[in-house]
Amino acid sequence: MQQVKLISTDSKLEFSLFGEIDSASSEDFYAEVRAAYLHDKKDIEFDCTALTFIDSTMLGTFVKLFKELKADGFRVSLKNVQPRIRKLFEICSLDTIMEIGR
């Protein structure tokens, strides 16, 4: 099942995330997002409406993307984050460096 889909490239790269993204799929996720970013460098926004689970590996992947984009002067943000997933970002204080919307 596809877990990430590029849905817009207008003012930013907007991806929809689906289902569970964990250590088994995080490398593919990273490669797909990074390829789109390298092709068209701009802010990235993840729509997490249909995202049901992430693990610590995915938190690390988000941090890796955040650092790469920040070095280039761009931002990573997440919107429509379910409370249970948002709590993971808060526990790791990632909500202080990334925009994590409800």
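Predicted model only: the values in this text are computed from it and were never measured. (Residues numbered from 1 in each chain as written. Predicted model: local features only at pLDDT ≥ 70, side-chain atom pairs only at ≥ 80, totals over all residues. Heavy atoms only, no water.)

Brief notes about the overall build of the protein
In step 1: When helices and strands are tallied, the protein shows 3 helices and 5 strands.
In step 2: Moving toward the C terminus, one meets the helices and strands of the protein in the order β-β-α-β-α-β-α-β.
In step 3: Taking 102 residues into account, the globule formula puts the C-alpha radius of gyration at 13 Å, and the protein, at 12 Å, falls close to it.
In step 4: Projected onto the principal axes, the alpha-carbon positions of the protein cover approximately 30 × 30 × 20 Å.
In step 5: Counting all 102 residues of the protein, 41% fall into the buried class.
In step 6: Residue pairs at least 24 apart in sequence account for 65% of intrachain contacts in the protein once pairs closer than 6 positions are excluded.
In step 7: In the form shown here, the protein has an accessible surface area of approximately 5,600 Å², with 50% of it arising from carbon and sulfur atoms.
In step 8: Between the centroid of the 14 positive side chains of the protein and the centroid of its 17 negative side chains there is a distance of 4 Å. (Helix = DSSP H or I, 4+ residues; strand = E, 2+ residues; numbered from the N terminus. Rg over C-alpha atoms; globule rule 2.2 N^0.38 Å. Buried < 20%, exposed > 50% of the residue type's maximum accessible area, 1.4 Å probe, protein only. Contact = heavy atoms within 4.5 Å. Areas by Shrake-Rupley, 256 points an atom, 1.4 Å probe, with all protein chains shown as cover. Lys, Arg positive; Asp, Glu negative; His and termini not counted. Charge placed at Lys NZ, Arg CZ, Asp CG, Glu CD.)

With respect to the sheet that holds strand β1 (residues 4–8)
In step 1: If you walk across this open sheet you meet the 5 strands as β1-β2-β3-β4-β5, and the pairing is mixed. Taken across any chain shown, the strands that pair with only one partner, and hence form the sheet edges, are β1 and β5 (99–100).
In step 2: In the sheet, β1 pairs with strand β2 (residues 13–21) via 4 bridges, with the strands oriented antiparallel. Directly across from lysine 5, in β2, lies its bridge partner serine 16.
In step 3: Contacting β1, β2 and β3 (44–54), helix α1 (residues 26–39) runs over the sheet at an angle of about 175° to β2.
In step 4: Across the sheet, helix α2 (residues 56–71) touches β2, β3 and β4 (76–79), and the angle it forms with β3 is around 175°. (Pairing = 2+ DSSP bridges. Axes fitted to C-alpha atoms, helices over the stretch in contact; angles between N-to-C directions.)

Examining the environment of glycine 60
In step 1: Looking at the element boundaries, glycine 60 is found in helix α2.
In step 2: Residue classification places glycine 60 among the partly exposed residues on the basis of a relative accessible area of 38%.
In step 3: Sequence separation between glycine 60 and aspartate 47 is 13 residues, and the spatial gap between their C-alpha atoms is 18 Å.

Digging into the side chain of serine 16
In step 1: Summarising the element assignment, serine 16 is placed in strand β2.
In step 2: In this structure serine 16 touches Gln3, Val4, Lys5, Ile7 and Asp47, once residues within four positions along its chain are discounted.

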